[in-house]
Amino acid sequence: MSATTTTPRESRRALGAGLRATAKVLPEHARAHNRALLLQHLFHAGPTSRADLARATALTRVTVSDLVSVLLAEGLVEELGVRPGRRVGKPATLVGMRTDAYQVVAVDLSDEAVVRGAVLTLAGEVVVRRSLAVDERSGDDLVDLLTRFARRLLSAATRPVIGVGVGSPGVVDPWGRVVEAPNRAWSDLPLAALLSERLGLPVQVANDADTAALGEYTYGGAAGSMLVLTVGQGVGAGIVVDGARVHGAGDAAGELGHVTVVDDGEPCACGRRGCLETVLSAPALRRAVAGLDAAEADAALAAAGRVLGAALAPVVSALNLAEVLLCGPPELLDGALRRAATDTLRERTMPAVGAGLRLRMAALGGDVVLAGAAVLVLAAQLGIS
Ligand SMILES: [Zn+2]
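Thresholds applied
- Residues numbered from 1 in each chain as written.
- Predicted model: local features only at pLDDT ≥ 70, side-chain atom pairs only at ≥ 80, totals over all residues.
- Helix = DSSP H or I, 4+ residues; strand = E, 2+ residues; numbered from the N terminus.
- Buried ≥ 20, exposed ≤ 12 C-beta atoms within 10 Å, placed from the backbone.
- Pairing = 2+ DSSP bridges.
- Axes fitted to C-alpha atoms, helices over the stretch in contact; angles between N-to-C directions.
- Contact = placed C-beta atoms within 7 Å.
- Left-handed = near helix turned anticlockwise from the far one by under 90°.
- Nonpolar A, V, L, I, M, F, W, Y, C, P; charged D, E, K, R; others polar.
- Domains from an automatic or database assignment.

Draft legend 1. Here's a closer look at the overall build of the protein. Each helix and strand in the protein was counted, giving 14 helices and 16 strands. By its C-alpha atoms, the protein is 70 × 50 × 50 Å across when sized along the principal axes. Within the protein, the proportion of its 385 residues that are buried is 41%.

See below:
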């Protein structure tokens, strides 16, 4: 390979390492990057004058004006009149992103029984919502079902759709290939490429917990270094560090559910014993509190919380996370369990790590994977996250 050739993985690192574009880059990527810089600023800061865009992005006024002209022609931004002026001279025209002009189709595959989907605006507002029973389909049958479901969502959209995002269980590589999702009988399945060919649109696929983390990061106001722990049938985690999603060497970063936390514990679906999932999954927690009075149930949930805190302490310390977000049934997670996990985390980490740490419930609730699937599309198509 010549020195100037980059593999897809290398180019992903070069362009996609930081979710939120913050600075100028090399000339060959400059135009796309600078365009993303402007959209990113408008998305998060709202309507801005060209002069303030130039100041915020460190681009020249000429570059900003050229890019804004292109974005106006594409219908992605609009001029919003003048800001009430305090300064003398010509008042500045504000430019704003048209978050209602285009839509995104998002699909959540995290529930084994139901496929959930939505059409969303670029601002993450749900326009249309649909769901469909899986009826125990798996393998190719599930891909066919997913294709039909995505077509239904696309036909329900009320504006042009810029892409389709899917949050899937299992290990998923950066190109949307499902490396392994045993419960869906998917192995080495190029899901994004297959769906893209069938639907005629760009399709992004990522692990559901990673997708949840992106949803909380972009739409839920989560910190730039944080972990989202998803608690459902299983336990998973998505991690963002310094504003970039953590993929890991085998794209399996965040697979905390099968870390052993109890020696000789309960048998786990993975074939081993005492995994975090055997203590913390929603069914395991429900079993732990079944038939108990309120005080006993709190004690059982606190015990699970201490196990969680002990499992998270090295992760939180290694990455110096600002927040851990719990995503799952609040009646199980948001009480004695969360308090005990917080106390254990503080006890087991040095103050520089633990003192400022927040362990809280995810802000987006049941829509978190759908929101994150929309962010997959925003990030891929517009450079926004
Ligand atoms: Zn396991």
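Draft legend 2. Representation of the sheet that holds strand β4 (residues 103–108). Across the sheet, which stays open at both edges, the five strands sit in the order β6-β5-β4-β7-β11 with mixed pairing between neighbours. Sheet topology places β6 (126–133) and β11 (203–207) at the edges, where each strand pairs with a single neighbour. Along the sheet, successive strands turn relative to each other by an average axial angle of 15 degrees, direction set aside. Both β4 and strand β7 (residues 161–168) contribute to a ladder of five bridges, which runs parallel. Note that in β7 the partner of Gln-103 across the bridge is Val-161. On the sheet, helix α6 (residues 191–199) packs against β7 and β11 and is oriented at approximately 155 degrees with respect to β11. Each of β4, β5 (114–121), β7 and β11 is contacted by helix α14 (residues 368–382), which is oriented at about 130 degrees to β7, the strand it contacts most.

Draft legend 3. Representation of the packing of helix α10 (residues 294–319) against helix α12 (residues 336–347) within the structure. The geometry of α10 relative to α12 is characterised by a closest axis approach of 7 Å and an angle of 40 degrees between their N-to-C directions. In this structure, α10 crosses over α12, and the sense of that crossing is right-handed. Within the contact between the two elements, α10 uses Asp-298, Leu-301, Ala-302, Ala-304, Gly-305, Arg-306, Leu-308, Gly-309, Ala-310, Leu-312, Ala-313 and Val-316 and α12 uses Ala-336, Leu-337, Arg-338, Arg-339, Ala-340, Ala-341, Asp-343, Thr-344 and Leu-345. When grouped by side-chain class, the residues that make up the contact of α10 with α12 number 13 nonpolar, three polar and five charged.

Draft legend 4. Highlighting the domain arrangement of the protein. Per the domain assignment, the segments making up the protein are domain 1 (18–97), domain 2 (103–214 + 368–382) and domain 3 (222–362). Look at where the C-alpha atoms of domain 2 and domain 3 centre, and you get two points 26 Å apart. On the side of domain 3, 16 residues touch domain 2, which itself brings 16 residues to the contact. It is helix α7 (residues 208–218) that contributes the most residues to the side of domain 2 that touches domain 3, seven residues altogether. Here the residues of the side of domain 2 that touches domain 3 sort into nine nonpolar, three polar and four charged.

Draft legend 5. Seen up close, unusual backbone geometry. Even without being a glycine, Glu-136 presents a positive backbone phi close to 60 degrees. Summarising the element assignment, Glu-136 is placed in the loop between β6 and α5 (139–156). A positive phi angle, close to 50 degrees, is found at Asp-188, a residue other than glycine. Mapping Asp-188 onto the fold places it in strand β10 (residues 186–189).

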